[in-house]
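# Chains, contacts and geometry: an overview
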Amino acid sequence: KGYLFFKDAPELSTVRLVVEEGKHRMVRRMLANCGFPVIGLKRERLGIIRLNDLEEGSYRELSKQELQWANALKRRKLPRMVDQIDSE
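Scope of this entry: the structure provided in the associated data block. (Residues numbered from 1 in each chain as written. Predicted model: local features only at pLDDT ≥ 70, side-chain atom pairs only at ≥ 80, totals over all residues. Heavy atoms only, no water.)

## Some words on the overall build of the protein chain
Of the regular secondary structure elements, the protein chain holds three helices and four strands. Reading the helices (α) and strands (β) of the protein chain from amino to carboxyl end gives β-β-α-β-β-α-α. Relative to its full complement of 88 residues, the protein chain shows a buried share of 11%. Relative to all contacts within the protein chain whose residues are 6 or more apart in sequence, the contacts with residues 24 or more apart total 17%. When the accessible surface of the protein chain is summed, it comes to about 8100 Å², and 51% of that surface belongs to carbon and sulfur atoms. (Helix = DSSP H or I, 4+ residues; strand = E, 2+ residues; numbered from the N terminus. Buried < 20%, exposed > 50% of the residue type's maximum accessible area, 1.4 Å probe, protein only. Contact = heavy atoms within 4.5 Å. Areas by Shrake-Rupley, 256 points an atom, 1.4 Å probe, with all protein chains shown as cover.)

Next up, the structure:
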């Protein structure tokens, strides 16, 4: 499942890509194969954890819901909380 949103620019384009699971530089390879070399990537969210304007190298405390979701990753029992976030 994925969505592409293009914003035209004179020489470069900004692409917003939503993937459920990406491995081994999948986004870079996929766009390069379509003729769009990737200059930079920015992760906005990991599961239900939104990064917002968190600076590189900094951190914040997780909410109770985010912590429950992260702990479920260890048990491989992911709650479908992502659907709740996507509907916002």
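## Side note on unusual backbone geometry
At Asn52, a position not held by glycine, the phi torsion is positive, near 50°. Here Asn52 shows up in the loop between strand S4 (49-50) and helix H2 (64-75). Residue Asn52 is classed as exposed on the basis of its relative accessible area, which comes to 56%.

## So, the pattern of salt bridges
Within the structure shown, the criterion is met by one salt bridge. Residue Glu66 is joined to Arg60 by a salt bridge in which the shortest nitrogen-to-oxygen separation is 2.9 Å. We classify Glu66 as buried; its relative accessible area is 10%. (Salt bridge = Lys/Arg side-chain N within 4 Å of Asp/Glu carboxyl O.)

## Overview of the side chain of Glu66
Inspection of the secondary structure puts Glu66 in helix H2. Within the structure, Glu66 has its side chain in polar contact with the side chain of Arg60 (distance 2.9 Å). Ignoring anything within four residues of it in the chain, the contact list for Glu66 reads Ile48, Ile49, Arg50, Arg60 and Glu61. (Polar contact = N/O pair within 3.5 Å; in protein donor to acceptor, adjacent residues only side chain to side chain.)

## Focus: H2
Helix length check: H2, at 12 residues, gives a terminal C-alpha distance of 17 Å against a target of 16 Å (1.5 Å per residue), a fit within 8%. Taken together, the buried positions of H2 are occupied by Glu66, Trp69 and Ala72. Across the axial projection of H2, the buried residues extend over an arc of 120°, all falling on one side. Residues of H2 that are exposed and point over 90 degrees away from its buried face: Lys64, Lys74 and Arg75. (Expected span 1.5 Å × (residues − 1). Arc of directions from axis to C-beta.)

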